[in-house]
Each structure stands twice: as structure tokens, then as C-alpha cells.
Amino acid sequence: MKQTNCLWVFALMIFTSTCWAYGGGSSSSKACDKPKFTDFTPAENAQVAAGSDFSFIASKNTYPTTIKVAVKGEAATVKVDKKSDSTFAVSGKLPATAKGGFARIAINADAQSNCKGSGGWLVKVAE
């Protein structure tokens, strides 16, 4: 009888430790939901002039004050407006110094749960 009880206890201990290993614990951390960026204007690889306007949409979970944009490594000033669907319309101008060749419009922002996201696209800047 005692041997049977010991086997049951041993089996339960193995089963519960396996469950804890697969996230069955009492951890309250949420999965990271990174900000997303869409609707890039001008389109990818489009030819534009230096000083041209650009825009994109940032997802609902983005903290608007953390949106940073750089073009060819140079910080760009952006305007962020909240849309009716709770996303954010972001717009700005390419720097006048970004002439000739391709330029990456690089985006970095933070979201809920301390998640950091990045994105961007390439445009060809005329001389």
C-alpha cells in the first residue's frame, strides 16, 4: 500500500514539474506586442526630391511621444496625429541634406509592456 502511494506521489511530482516548465507557473508577464508601421508614403523605392513629405501609420499600441524617425542617420522632425480608429498618422519632411542615392526612413518607437519596435522603408532621393 505504501509503495503504491509513493509511486503516485512520484508520478504527480514529475507531471507538475513538467507543467511548470511549459509556462504553467504564476508568472504575470505579458507577451511583447511590438508597434507596427504601415501605409508608407511615398512608396518603397519611389524617387523623390530632398525636402519631400513622407508619412506612415503607427499602430494603436504605440506610445506617440516615443516615435523617432531618422533619414540617412539624421533625425527628422515629425508630426503625430491620433486618428479616429486610435492609430497614429505620422508625417514629416525629408531633410534637405538627404540628396542623391537611396535613403532609409528609419522608424523606432515604444509600445505597451516596454516593447520596442522598428521599421522603415527606402526611397531614392534625386540630386
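The structure displayed is predicted, hence computed values, not measured ones.

Calculation notes
- Residues numbered from 1 in each chain as written.
- Predicted model: local features only at pLDDT ≥ 70, side-chain atom pairs only at ≥ 80, totals over all residues.
- Heavy atoms only, no water.
- Helix = DSSP H or I, 4+ residues; strand = E, 2+ residues; numbered from the N terminus.
- Contact = heavy atoms within 4.5 Å.
- Areas by Shrake-Rupley, 256 points an atom, 1.4 Å probe, with all protein chains shown as cover.
- Core = buried A, V, L, I, M, F, W, Y, C linked by side-chain atoms within 4.5 Å.
- Buried < 20%, exposed > 50% of the residue type's maximum accessible area, 1.4 Å probe, protein only.
- Pairing = 2+ DSSP bridges.
- Axes fitted to C-alpha atoms, helices over the stretch in contact; angles between N-to-C directions.
- Disulfide = S-S within 2.5 Å.

> Could you give an account of the overall build of the protein chain, naming the residues involved and the relevant values?
Counting its regular elements, the protein chain contains 1 helix and 9 strands. Of the contacts made within the protein chain by residues no fewer than 6 positions apart, 62% connect residues no fewer than 24 positions apart. A total of about 8500 Å² of accessible surface is found on the protein chain, and carbon and sulfur atoms cover 57% of it.

> Describe the nonpolar core, and please don't skip the residues or the numbers.
By size, the foremost hydrophobic cluster in this structure holds 20 residues, and its most contacted members are Phe54, Phe56, Ile67, Val69, Ile105 and Val123. Broken down by secondary-structure element, the contributors of at least two residues to this core are β3 (53–58), β4 (68–71), β7 (88–93), β8 (102–111) and β9 (115–125). Here this core gets 4 residues from one element, more than from any other, and that element is β8. Residues within four places of Val123 in sequence aside, it is in contact with Pro42, Ala43, Asn45, Ala46, Val48, Leu94, Gly101, Phe102, Ala103 and Ile105.

> Tell me about the sheet that holds strand β1 (residues 37–41), residues and numbers included.
Across the sheet, 4 strands lie side by side as β1-β3-β7-β6; this open sheet has antiparallel pairing. The open sheet is flanked by β1 and β6 (78–82), the only strands paired with a single partner. Each adjacent strand pair in this sheet contributes to an overall mean axis angle of 20 degrees, direction not counted. Sheet topology places β6 next to β7; 5 bridges connect them, and they run antiparallel. Counterpart to Val80 in the pairing with β7 is Val90.

> Tell me about the state of the cysteines, and name the residues and values.
All told, the structure shown has 1 disulfide when counted by the stated rule. Sulfur-sulfur distance for the disulfide between Cys32 and Cys115 comes to 2.0 Å. Of this pair, Cys32 sits in the loop between α1 (2–21) and β1 while Cys115 sits in strand β9; the two residues are 83 residues apart in sequence, bridging distant segments of the chain.

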